[in-house]
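Structure assessment
Residue strings, one per chain:
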Amino acid sequence: MTSRRATAVRDLEPIDLGSEMVFRRLVDAVEDYAIFMLDPRGYIRSWNPGAERIKGYKAAEIIGHHFSKFYPKAELDAGKPELELRTALEAGHYQDEGWRVRKDGSRFWASVVITAVRDEDGRLMGYGKITRDLTDRRRAEQRYRLLIEGVTDYAIFSLDAEGCVTSWNSGAERIKQYSANEIIGQSFSRFYTPEDRAAGLPQKVLATARSEGHYEGEGWRVRKDGTRFWASVVVTAMFDDEGQLSGYSKVTRDITERKQLLDQVHRHAQELEIQVREREATNAELESFSYSVSHDLRAPLRAIEGFATALQEDYGTVLDATASDYLNRISSAALRMNRLVQDLLDYSRLSRIELPSEPVLISSAVDNALGQLDSPEHVQVRVPEGMKVMAHRSTLVQMLYNLISNGLKFHPEGAEPSVEITAEQRGSKVRISVCDNGIGIDPAHHQRIFQVFERLHGADAYPGTGIGLAIVKRGTERMGGAVGLESEPGKGSKFWLELAKA
Ligand code: ADP
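Details of the overall build of the chain
Secondary structure assignment for the chain yields 16 helices and 16 strands. By the compact-globule yardstick of 23 Å for 502 residues, the chain is too spread out, its C-alpha radius of gyration being 49 Å. Relative to its 502 residues, the chain shows a buried fraction of 35%. When the accessible area of the chain is evaluated, it comes to approximately 29,800 Å², of which 52% is carbon and sulfur surface. Taking the 66 positively charged and 74 negatively charged side chains of the chain as two groups, their mean positions are separated by 6 Å.

Regarding the sheet that holds strand β15 (residues 482-487)
The strand order β11-β13-β14-β16-β15 describes an open sheet built from five strands, whose pairing is mixed. What marks the edges here is a single partner per strand, and that holds for β11 (379-382) and β15. If you compare each strand with its neighbour and ignore which way they point, the axes differ by 20 degrees on average. In terms of strand pairing, strand β14 (residues 429-436) meets strand β16 (residues 493-500) through eight bridges, oriented antiparallel. Across the sheet, the residue bridging to Asp436 is Ser493, located in β16.

Let's talk about the packing of aromatic side chains
Enumeration over the complete set of coordinates arrives at 14 aromatic pairs. Seen from their ring centres, Phe36 and Phe70 are 5.9 Å apart, and the 75 degrees between their planes marks the pair as edge-to-face. Taken together, the residues span a long stretch of sequence, with Phe36 in strand β1 (residues 33-38) and Phe70 in the loop between α4 (59-62) and α5 (73-77) at a distance of 34 residues. Take Phe70: its relative accessible area is 0%, and that puts it in the buried class.

Quick word on the pattern of salt bridges
By the definition in use, this model includes 32 salt bridges. The closest approach of N and O atoms between Lys58 and Glu52, which form a salt bridge, is 3.1 Å.

Considerations on unusual backbone geometry
We note that Gln177 has phi near 75 degrees; this positive angle belongs to a residue other than glycine. Its place among the elements puts Gln177 in the loop between α8 (170-176) and α9 (180-183). Its relative accessible area of 31% is what places Gln177 among the partly exposed residues. A positive phi angle, near 70 degrees, is found at Phe453, a position not held by glycine. Secondary-structure assignment places Phe453 in the loop between β14 and α16 (468-478).

About the thresholds
Residues numbered from 1 in each chain as written. Predicted model: local features only at pLDDT ≥ 70, side-chain atom pairs only at ≥ 80, totals over all residues. Heavy atoms only, no water. Helix = DSSP H or I, 4+ residues; strand = E, 2+ residues; numbered from the N terminus. Rg over C-alpha atoms; globule rule 2.2 N^0.38 Å. Buried < 20%, exposed > 50% of the residue type's maximum accessible area, 1.4 Å probe, protein only. Areas by Shrake-Rupley, 256 points an atom, 1.4 Å probe, with all protein chains shown as cover. Lys, Arg positive; Asp, Glu negative; His and termini not counted. Charge placed at Lys NZ, Arg CZ, Asp CG, Glu CD. Pairing = 2+ DSSP bridges. Axes fitted to C-alpha atoms, helices over the stretch in contact; angles between N-to-C directions. Phe/Tyr/Trp six-rings, centres within 6.5 Å; stacked < 30°, edge-to-face > 60°. Salt bridge = Lys/Arg side-chain N within 4 Å of Asp/Glu carboxyl O.

See below:
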């Protein structure tokens, strides 16, 4: 290959570009450029196919006419054609872009180069003129410019290689408050806060854009009136065909509102977290307090109960009726208090101990609960045979006992209580319901009664401690389940709890 090319180069005869024929052929082959000659006064002396295509005249129609024919009226009035020739004459050549007129009167955007042509003695022979039709490019540029200029939500502007503003759209004016006249030519660093300027951030942003191609970031920026806004910024470096940095394009968005909203959400979340932590700490404190109080109460309680019994047994015969009545009251108060302490201990133990779940046969848990009741004959059990839930067995029994005993307890005086226990599968869960024909509960209290000590009745009407449902709720939740209630006054109640099916 190498040797053949070497031979070929050696074989080449030089071509004389100055030859009239060669030059004419070259010019005649060009269609994208209008190339023609003017005499020293501006009259057209030659015409190529490119000129015919672009301007619409045939050679015969136009040769001999003055080149000012191609200029729109405003430019003629301004003396543009003469000015161009004069400049070309003085400087050697003239270059410009502007509107020109075709034969049919339509306009095109022309890129024009005029060169003064002199003979060997330096006498002016005329002018060479090369014109290119850049209408399409100009339209595209203009469309693009209009598009950018019309954008109001984004500040879109460009910087030169030194960081001075070279273009400015209406979004930039809206967001940063400077008009194009005020800001073009100024350094973009004035958009930064004094702190950021001192830290050299503007230069760092440009350096990153230069080395990485672009820079993206968020931060405070300063408006003309000195107020600040939170900006989302993208800076892109622009390079020319030779790879030289020609400047930067910058797109800035004012996202202050979004930032404020996010900050607020963040602040709320933090506050909430602190509150939750405080509450958890208080709860834990309260629980350990109530646990130790309950625990410590048992000993003196036992003493009261024991001495009351001893008094009754040893001195019952010498006590009169009133003293005996007082003694009975002491005993039953001690009993009630014992119950309360036991319930409290049960409740606080529920959150202290592990509750490992295992498959539990519902019917057997119900049986265990019924075994602890005084009058299980009022309870109907309709639980599918063999149905199991994942539960901590003794806790489930306790919860069922609480629900069933409530169902038997809260009914109008004299009425026969009736409780029904059912179980049904719901997807991967099982819902166990305890329905009664009792007094019912106003929906306004449905949430409240699951809290500790929340009772809707005095101890005279219905005895109790107000802890039973709290145990049901905490127990189910600790087993990953849920509790609920359907009830209205006078229409009975249906308590349910849902646990994972085993
Ligand atoms: P206790 O039964 O010891 O009072 P609970 O926590 O079990 O405490 O119940 C809280 C309150 O909810 C009861 O005092 C009662 O007012 C109401 N309640 C519970 N179960 C029923 C029910 N089946 N029917 C009507 N009211 C009920």
